[in-house]
Amino acid sequence: MVELPSEFVPAAASIEVQGVKIPLAEGIITVNILNAILSGSFEAEEARQIPSIVRPGDRVLEVGAGIGFISTLLSRQPGVETVIAVEANPLLMDFMARLHSENDVKNVRVLNSVLCNHSHAAIPFYLREDFWMGSLLPGPNP
């Protein structure tokens, strides 16, 4: 795996994975996440399953949408009516909007929310250095 320090990654740079342009934004695409992207392991199993699961006319709910990579792939499946991408981390909303915009994604609706079976005025969400480790649990390794 290649490790690039965050100061190496220019703000306007992006890389392409499975036809999806991913902006290399400091603070979002950390060294760990970049390594996963470059090694081909980032969201790989989920991406591989999409064509065998999604059918024309489907409306897809993605929970834990992260940076919008999977919702972008879902939106490109023939006949997919719409994708609702739910992500709890508010710091990913602008990045996801940018990724969707740069990839000309039109049929994805993004919600910044925690899904649960009871109502609360607010639910704490614990951020971590690597966005994929964000959790409803306060412990260091959820």
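1. A look at the packing of aromatic side chains
Link 1 in the chain: In this structure the tally under the stated criterion is three aromatic pairs.
Link 2 in the chain: Relative to W132, the ring of F131 lies with its centre 6.3 Å away and its plane at 55°, an arrangement referred to as tilted.
Link 3 in the chain: For W132, a relative accessible area of 39% gives the class partly exposed.
Link 4 in the chain: Chaining the aromatic ring pairs together yields one cluster made of F42, F69, F131 and W132.

2. Some points on the pairing of strand 1 (residues 14-17)
Link 1 in the chain: Side-chain alternation along strand 1 places I15 and V17 on a buried face and S14 and E16 on a face that remains uncovered.
Link 2 in the chain: Pairing between strand 1 and strand 2 (residues 20-23): four bridges, direction antiparallel. For S14, the partnering residue across the bridge sits in strand 2 and is P23.
Link 3 in the chain: Once strand 1 ends, the chain turns through two residues before running back antiparallel as strand 2, passing Q18 with a positive phi of about 50°.

3. Considering the nonpolar core
Link 1 in the chain: In terms of nonpolar packing, the biggest core is built from 34 residues, with I22, I29, I67 and F69 touching the most fellow members.
Link 2 in the chain: Excluding anything up to four places from it in sequence, I22 contacts A13, S14, I15, V17, I29, I37, I67, F69, F95 and L99.

4. A look at a nonpolar patch on the surface
Link 1 in the chain: Residues L61, V63 and L115 make up a contiguous nonpolar surface patch of roughly 300 Å² in combined accessible area.
Link 2 in the chain: With respect to the secondary-structure elements, L115 resides in the segment after strand 5 (108-112).
Link 3 in the chain: L115 gets classed as partly exposed once you look at its relative accessible area, which sits at 48%.

5. Remarks on the sheet that holds strand 4 (residues 82-87)
Link 1 in the chain: In spatial order, the strands read 3-4-5; together these three strands make up an open sheet with parallel pairing. For this open sheet the edge positions go to strand 3 (59-63) and strand 5, each flanked by a neighbour on one side alone. Direction aside, neighbouring strands of the sheet carry axes that sit 15° apart on average.
Link 2 in the chain: Bridge count for strand 4 against strand 5 is five bridges, and the pairing is parallel. Looking at the pairing, V83 lines up with V108 of strand 5.

6. Section: the pairing of strand 3
Link 1 in the chain: Only one face of strand 3 is covered, namely the face carrying V60 and E62; the face carrying R59, L61 and V63 is uncovered.
Link 2 in the chain: Where strand 3 meets strand 4, five bridges bridge the pair, whose relative direction is parallel. Residue pairing across strands places R59 opposite T82, the latter belonging to strand 4.
Link 3 in the chain: Considered for its hand, the β-α-β crossover made up of strand 3, helix 3 (residues 69-75) and strand 4 is right-handed.

7. Here we look at the confidence of the model for the chain
Link 1 in the chain: Confidence along the chain averages 89 in pLDDT terms, with 89% of residues attaining 70 or more.
Link 2 in the chain: Ranking the elements of the chain by mean pLDDT puts strand 1 last, at 93, and helix 3 first, at 98.

Quick notes on the rules
Residues numbered from 1 in each chain as written. Predicted model: local features only at pLDDT ≥ 70, side-chain atom pairs only at ≥ 80, totals over all residues. Heavy atoms only, no water. Phe/Tyr/Trp six-rings, centres within 6.5 Å; stacked < 30°, edge-to-face > 60°. Buried < 20%, exposed > 50% of the residue type's maximum accessible area, 1.4 Å probe, protein only. Helix = DSSP H or I, 4+ residues; strand = E, 2+ residues; numbered from the N terminus. Pairing = 2+ DSSP bridges. Core = buried A, V, L, I, M, F, W, Y, C linked by side-chain atoms within 4.5 Å. Contact = heavy atoms within 4.5 Å. Patch = residues over 30% accessible without salt bridge, like charges linked within 9 Å, V, L, I, M, F, W, Y side chains within 5 Å. Areas by Shrake-Rupley, 256 points an atom, 1.4 Å probe, with all protein chains shown as cover. Salt bridge = Lys/Arg side-chain N within 4 Å of Asp/Glu carboxyl O. Axes fitted to C-alpha atoms, helices over the stretch in contact; angles between N-to-C directions. Right-handed = clockwise from strand over helix to strand, strands pointing away. pLDDT = per-residue confidence, 0-100.

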